[in-house]
Amino acid sequence: METITPLFRSEKTLATFELLADLRPHTAAEIAAYIGIDDSREVYPRLKRWTSLIEIRKIGIRKNIYRLKDRVVEAVKRGLKISTKTEKVLKKAERVMRKTMGRELTDEEKVVLEFLINYYKETGKKWYEGKVEPVVQTIARVKGLDPSDVVSAILSLYQAGLIALWPDADRPKKVAVTKTLLA
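Residues numbered from 1 in each chain as written. Predicted model: local features only at pLDDT ≥ 70, side-chain atom pairs only at ≥ 80, totals over all residues. Heavy atoms only, no water.

A. The pattern of salt bridges, seen in detail. Using the criterion set out here, one finds 8 salt bridges in the structure. The salt bridge involving Asp-39 is made with Arg-41; its shortest N-O contact spans 3.2 Å. Assessed through its relative accessible area of 56%, Arg-41 is described here as exposed. Between Glu-94 and Lys-110 there is a salt bridge, with its nearest N and O atoms 3.5 Å apart. Placement of the pair is Glu-94 in helix 4 (residues 70–101) and Lys-110 in helix 5 (residues 107–123), with a sequence separation of 16 residues. Owing to a relative accessible area of 11%, Glu-94 belongs among the buried residues under this scheme. The network of salt bridges with shared partners includes Glu-94, Arg-98, Glu-104 and Lys-110. (Salt bridge = Lys/Arg side-chain N within 4 Å of Asp/Glu carboxyl O. Buried < 20%, exposed > 50% of the residue type's maximum accessible area, 1.4 Å probe, protein only. Helix = DSSP H or I, 4+ residues; strand = E, 2+ residues; numbered from the N terminus.)

This is how it looks when you write it as structure tokens:
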């Protein structure tokens, strides 16, 4: 049995969104055949609560056409664009780490870089500043890491020139990904 996500309470609703994910319009008959129900008139009541995500157009007297709304498609594309940019920056960081330190990035270093890159992409702010709690504590709490692992990851990334620390490496109040990675 497939696992159902908390967003979709039934397998048939999940299957409907999988079908609509191809970004083409589909008739109720196509959706009914895909999700395994006999009567296409059962499709509209199932999808009525999802009208904020699905565009339903009536053609003639009895034919409905269903497709994902443009804003949903754009939101998904933006999300994918951010994740691909993060992947590109991490690959660049791998190359720099191999060149400067002669080794691969550790898992902790990757997690710290992902945190900083995503912070920059979401807020537009280059420097991450720990206002309430120190930077290390925040990253450790958010990413579920040990604070000592975060400290060692930050220091090795700093030595490789992948991140910048302010005011110094002993007690950083701000951390940022360097311009070489973001360029």
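What follows picks up the thread again.
B. Representation of the sheet that holds strand 2 (residues 54–59) within the structure. Pairing is antiparallel across the open sheet formed by 3 strands, whose spatial order is 1-3-2. The open sheet has two edge strands, strand 1 (26–27) and strand 2, and neither has a second partner. Pairing of strand 1 with strand 3 (residues 63–68), which is carried by 2 bridges, proceeds in the antiparallel orientation. Bridge pairing in strand 3 places His-26 opposite Tyr-66. In the packing of helix 1 (residues 11–20) onto the sheet, contacts are made with strand 1, strand 2 and strand 3, and the angle to strand 3 comes to roughly 80 degrees. (Pairing = 2+ DSSP bridges. Contact = heavy atoms within 4.5 Å. Axes fitted to C-alpha atoms, helices over the stretch in contact; angles between N-to-C directions.)

Honestly, it's all geometry; don't read function into it.
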